[in-house]
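A structural walkthrough
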Amino acid sequence: MTLRPFAAAAALLLAACATAPAPAPADAFFGRLQALCGKTFAGRVVTNDPLDADFAGKPLVMRVTGCTDSEVRIPFAVGEDRSRTWVITRTSDGLRLKHDHRHTDGTEDELSQYGGDTATSGSAARQEFPADAFSRTLFLAKGNPASVTNVWAVEVHPGQTYAYELRRENRFFRVEFDLSKPL
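One structure accompanies this document, and this report is about it. This structure is a prediction, so every number in the text was calculated from the model and none was measured.

1. Considering the packing of aromatic side chains
- For the structure on display, the rule yields 12 aromatic pairs.
- When the centroid spacing of 4.5 Å and the interplanar angle of 15° are considered together, the rings of Trp 86 and Tyr 164 count as stacked. Of this pair, Trp 86 sits in strand β4 (residues 81–91) while Tyr 164 sits in strand β9 (residues 161–168), and the two are 78 residues apart along the sequence. One exposure class covers both Trp 86 and Tyr 164, and it is buried.
- Plain terms: the ring middles of Tyr 162 and Phe 177 are 5.9 Å apart, the flat faces sit at 65° to each other, and that makes the pair edge-to-face. In this pair, Tyr 162 sits in strand β9 while Phe 177 sits in strand β10 (residues 171–178), placing the two residues 15 residues apart along the sequence. No difference in accessibility class separates Tyr 162 from Phe 177, as the two residues are buried.
- In this structure an aromatic cluster arises from ring pairing among Phe 55, Phe 76, Trp 86, Tyr 162, Tyr 164, Phe 173 and Phe 177.
- Note that Arg 167 overlies the ring of Phe 172, its terminal NZ or CZ placed 3.8 Å from the centroid.

Structure, rendered in C-alpha cells:
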C-alpha cells in the first residue's frame, strides 16, 4: 500500500487550515463600525479645554445608523441639538470622514461636509482624517483659518469605547462613548 494519496490528502487538509491574511486596517476598522449598527450609546467629553464647555454640560448621544457596505452614518446629539452626523465611507484606498450639519428643517448648514480621507493605513482600532482641500477652502471662506490644520480621529474598541477627537495646534477635543452599555 502506498502512502502518497494519504500524504497528498494531509497536505491539502493542512493548506485548508492555513489562516487567511488579516484584513487591511481600514477594512477591519470599518467592520468594527458596522458591528455597532442599530445601536445607541451615551458619551462624555474627556478633555477639559474651556472651548468644550458647550458640550461638557449636555447629554451626548451617538446612534449608529444608515449602514451599508460602503457607508456608516452616526448622528451625534448634543443635548437637544441633533444637527450633526459623522459619515464614514470607504474610498479606493482607505476611509473618509465627513461632518454633515443640518438645520432643524433638514436643510444643509453652510458649514457642512468638511472632513478628510485617511492618509495612512491606521489600525483596526484607530483611523485619522486630516482636513482635505475642500475643508481647508471652506474653513478659510467661513473665517476659520485655525481649522485648516484639523486632524480628526475615530477609535473603536469593541465592547469598550468609541471615541471621536479633533486635534490641531492649541486645540484638542475628545468625546468617548461607552460601548458596554447600549441605550
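And the narrative resumes.
2. Comments concerning the sheet that holds β10
- Pairing in this open sheet of 10 strands is antiparallel, and the strands run β6-β5-β4-β3-β2-β1-β10-β9-β8-β7 from one edge to the other. Looking along the sheet, the strands with just one partner apiece sit at the ends: β6 (114–117) and β7 (126–130). On average, each strand axis in the sheet is inclined to that of its neighbour by 20°, with strand direction left out of account.
- The sheet contact formed by strand β1 (residues 40–45) and β10 spans three bridges and is antiparallel. Paired with Arg 44 across the strands is Glu 176, a residue of β10.
- Of the strands in this sheet, β5 (94–101), β6 and β8 (151–157) are in contact with helix α4 (residues 133–141), which crosses β6 at around 155°.

Calculation notes
- Residues numbered from 1 in each chain as written.
- Predicted model: local features only at pLDDT ≥ 70, side-chain atom pairs only at ≥ 80, totals over all residues.
- Heavy atoms only, no water.
- Phe/Tyr/Trp six-rings, centres within 6.5 Å; stacked < 30°, edge-to-face > 60°.
- Helix = DSSP H or I, 4+ residues; strand = E, 2+ residues; numbered from the N terminus.
- Buried < 20%, exposed > 50% of the residue type's maximum accessible area, 1.4 Å probe, protein only.
- Lys NZ or Arg CZ within 6 Å of the ring centre and 35° of its normal.
- Pairing = 2+ DSSP bridges.
- Axes fitted to C-alpha atoms, helices over the stretch in contact; angles between N-to-C directions.
- Contact = heavy atoms within 4.5 Å.

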